[in-house]
Amino acid sequence: ADENAFMRALPKVELHVHLEGTLTPELRWKLAQRNGMTLGLERTGVTYTSLEQLKASYAGAQIRPGHEFDNEEEKFTFFEAYYGGFEVLKTKQDFYDLAMNYFNRVAAINVRYCEVFFDPQGHTNRGVSWDAMMGGLRDAQAVAGRDLNLYCQWIMCFMRDLSPESAMEHYEASLPYHDIIIGIGLDSDEHLRPPALFADLYKRARQDGLFLTCHCDVATDNTHEHIRQVVLDIGGNGVDRIDHGLNATEKPELMELIQDRGIGMTVCPWSYLRHQPVDEVIPRIRALHDAGIKIAVASDDPAYMEDVWVAHNLLLVKKMCEFDDRDMVTLARNAIDMSWGKEEVKTRLL
Ligand code: ADE
Ligand code: ZN
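Residues numbered from 1 in each chain as written. Chains lettered and ligands numbered in written order. Predicted model: local features only at pLDDT ≥ 70, side-chain atom pairs only at ≥ 80, totals over all residues.

The protein is annotated in an unreviewed UniProt entry as Adenosine deaminase domain-containing protein from Recurvomyces mirabilis. The UniProt entry for the protein carries the following text under Cofactor (unreviewed entry): "Zn(2+)". (UniProt positions renumbered as here; feature names shortened; annotations may be inferred.)

This part takes up the overall build of the protein. From N to C terminus, the protein includes 16 helices and 11 strands. The C-alpha atoms of the protein give 19 Å as radius of gyration, which agrees with the globular expectation for 350 residues (20 Å, within 12%). Principal-axis analysis of the C-alpha atoms gives the protein an extent of 55 × 45 × 45 Å. Across the protein, every contact between residues at least 6 apart in sequence was considered, and the portion connecting residues at least 24 apart equals 79%. (Helix = DSSP H or I, 4+ residues; strand = E, 2+ residues; numbered from the N terminus. Rg over C-alpha atoms; globule rule 2.2 N^0.38 Å. Contact = placed C-beta atoms within 7 Å.)

On to the domain arrangement of the protein, then. With domains assigned, the protein is organised as domain 1 (2–23 + 93–349) and domain 2 (28–79). Inter-centroid distance (C-alpha atoms) of domain 1 to domain 2 is 26 Å. Domain 1 puts 8 residues into the contact, and the matching count from domain 2 is 8 residues. Considering only residue class, the side of domain 1 that touches domain 2 consists of 2 nonpolar, 1 polar and 5 charged. (Domains from an automatic or database assignment. Nonpolar A, V, L, I, M, F, W, Y, C, P; charged D, E, K, R; others polar.)

Their axes nearest at 9 Å, the elements helix H1 (residues 2–9) and helix H14 (residues 310–320) cross at an angle of 125°. Classified by the interaxial angle, the pair formed by H1 and H14 is oblique. The way H1 lies across H14 gives a crossing that is right-handed. Listed contacts from H14 to Glu-3, Asn-4, Met-7 and Arg-8 of H1 are Ala-311, Leu-314 and Leu-315. For the contact of H1 with H14, a count of residues per class yields 4 nonpolar, 1 polar and 2 charged. (Axes fitted to C-alpha atoms, helices over the stretch in contact; angles between N-to-C directions. Parallel < 35°, antiparallel > 145°, perpendicular 65-115°, else oblique. Left-handed = near helix turned anticlockwise from the far one by under 90°.)

Another point: helix H5 (residues 92–107). Residue pairs spaced three or four apart in an α-helix point in one direction, given the helix's 3.6 residues per turn. Here H5 is 16 residues long and its end C-alpha atoms lie 22 Å apart, about the 22 Å a rise of 1.5 Å per residue gives. What H5 keeps buried is the set Asp-94, Phe-95, Asp-97, Leu-98, Ala-99, Met-100, Tyr-102, Phe-103 and Val-106. Contacts made by the buried residues of H5 are with strand E1 (12–18), helix H2 (25–34), strand E4 (111–118), helix H7 (130–147), strand E5 (151–159) and H14. (Expected span 1.5 Å × (residues − 1). Buried ≥ 20, exposed ≤ 12 C-beta atoms within 10 Å, placed from the backbone.)

Taken together, His-18, Gly-21, Tyr-82, Asp-187, Ser-188, His-215, Asp-217, Ser-271, Asp-300 and Asp-301 make up the full set of residues near ligand 1. Split into classes, the residues belonging to the shell around ligand 1 amount to 1 nonpolar, 5 polar and 4 charged. (Near = placed C-beta within 6 Å.)

The next subject is unusual backbone geometry. Within the chain, Asn-110 stands out as a residue other than glycine whose phi angle is a positive 65°. Inspection of the secondary structure puts Asn-110 in the loop between H5 and E4. Exposure remark for Asn-110: the 16 C-beta atoms within 10 Å place this residue in the partly exposed category.

Here we come to the sheet that holds E1. Read from one edge of the open sheet, 5 strands run E1-E4-E5-E6-E7, paired in parallel fashion. The strands lining the two open edges of the sheet, one partner per strand, are E1 and strand E7 (211–212). Note: E5 against strand E6 (residues 181–187), 6 bridges, orientation parallel. Note on E6: the bridge partner recorded for Met-156 is Ile-184. (Pairing = 2+ DSSP bridges.)

This paragraph deals with the sheet that holds strand E11 (residues 295–297). Spatially, E8-E9-E10-E11 is the arrangement adopted by the 4 strands of the open sheet, whose pairing is parallel. This sheet does not close on itself; its edge strands, each paired only once, are strand E8 (215–216) and E11. In the sheet, strand E10 (residues 264–267) pairs with E11 via 3 bridges, with the strands oriented parallel. Following the sheet pairing, Met-265 is matched in E11 by Ile-295.

A few words now on the environment of Cys-268. Inspection of the secondary structure puts Cys-268 in the loop between E10 and helix H12 (269–273). Taking the C-alpha atoms as reference, Cys-268 lies 20 Å from Ala-108; in sequence the two are 160 residues apart. If sequence neighbours within four positions are ignored, Cys-268 has contacts with His-16, Ala-298, Ser-299, Asp-300 and Asn-313.

It is worth spelling out the environment of Arg-28 at this point. The residue Arg-28 is located in helix H2 in this model. In this structure, the C-alpha to C-alpha distance between Arg-28 and Glu-87, residues 59 residues apart in sequence, is 9.2 Å.

Here H5 crosses H7 at 35°, and the two axes come no closer than 7 Å. As H5 runs across H7, the sense of the crossing is right-handed. Within the contact between the two elements, H5 uses Lys-92, Gln-93, Asp-94, Phe-95, Tyr-96, Ala-99, Met-100 and Phe-103 and H7 uses Ala-132, Met-133, Gly-135, Gly-136, Leu-137, Asp-139, Ala-140, Val-143 and Ala-144. Across the contact of H5 with H7, the residue classes tally to 11 nonpolar, 3 polar and 3 charged.

Here it is in structure tokens:
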């Protein structure tokens, strides 16, 4: 219990969380009511007629290997659950409420600085305007800074299962909002979608002075080649950070490159542990840290991952990797170091 209190009280930086992945069933229900919508999963024809049912649907995405489903409707993937939530986000107020919900939640566990992903393509595709989306994010960011002592910047993510042309169009459309967008990333389904497909996008963002990161999901086929591309090629000379990328531990040459180039990695323990054996996940996290590679612990999609937020993820690695207090201080400093905050913000956090 003391450790819990300590981890909550520790000033924290979170560098890998998807805004849409913080949409709790309670908020989703509230927004659906406000927008006069019926909730459900189109593919299966299931509708959720109560908050309790909606909550239960979140459990449906919590699939572990070997899990036996009672019926077909119950069976859906993380991406179905996650993208299914997008439909309730329509107005500027909806985006504001979503962002404030995250800010309030993590300010209470003493997150002081965050860089938060969002997926614009998942919103413009449904007819949401850039002004509604970015207006809500901008206002929430300002309130968090003023009232919650929580400084936030936004990372625009591109869905790699959509076309590079769509990504570039969205990049162009985002230009008026670059005062609050610090960097770009690549997310969604990585299967057969190497980072190199988006080489032009990354080059352009680099030229424009944005920071670059990229998801290299655990257990993706070709993951080593994807990691190689982001470390060496993407953006002209490699990215600034890698999101996940734990499979680098299987290739000494990748470990060496990441180390030499000082590329930090965001690591989301619970996101892996809910699908993968402990014996695969934990030694890899430990190996990155022991090799002197900077890792920063984060939560990924806490609302869809059993409500496990960043403080709990830190506790998990502390216990499971057997990190001591010095290691935990290193992790806290790594996150500040790896952040794309201005120097005065970093100094304030130290
Ligand atoms: N987008 C939101 N969450 C994601 C995840 N865990 N992996 C890939 N893309 C995502
Ligand atoms: Zn992620």
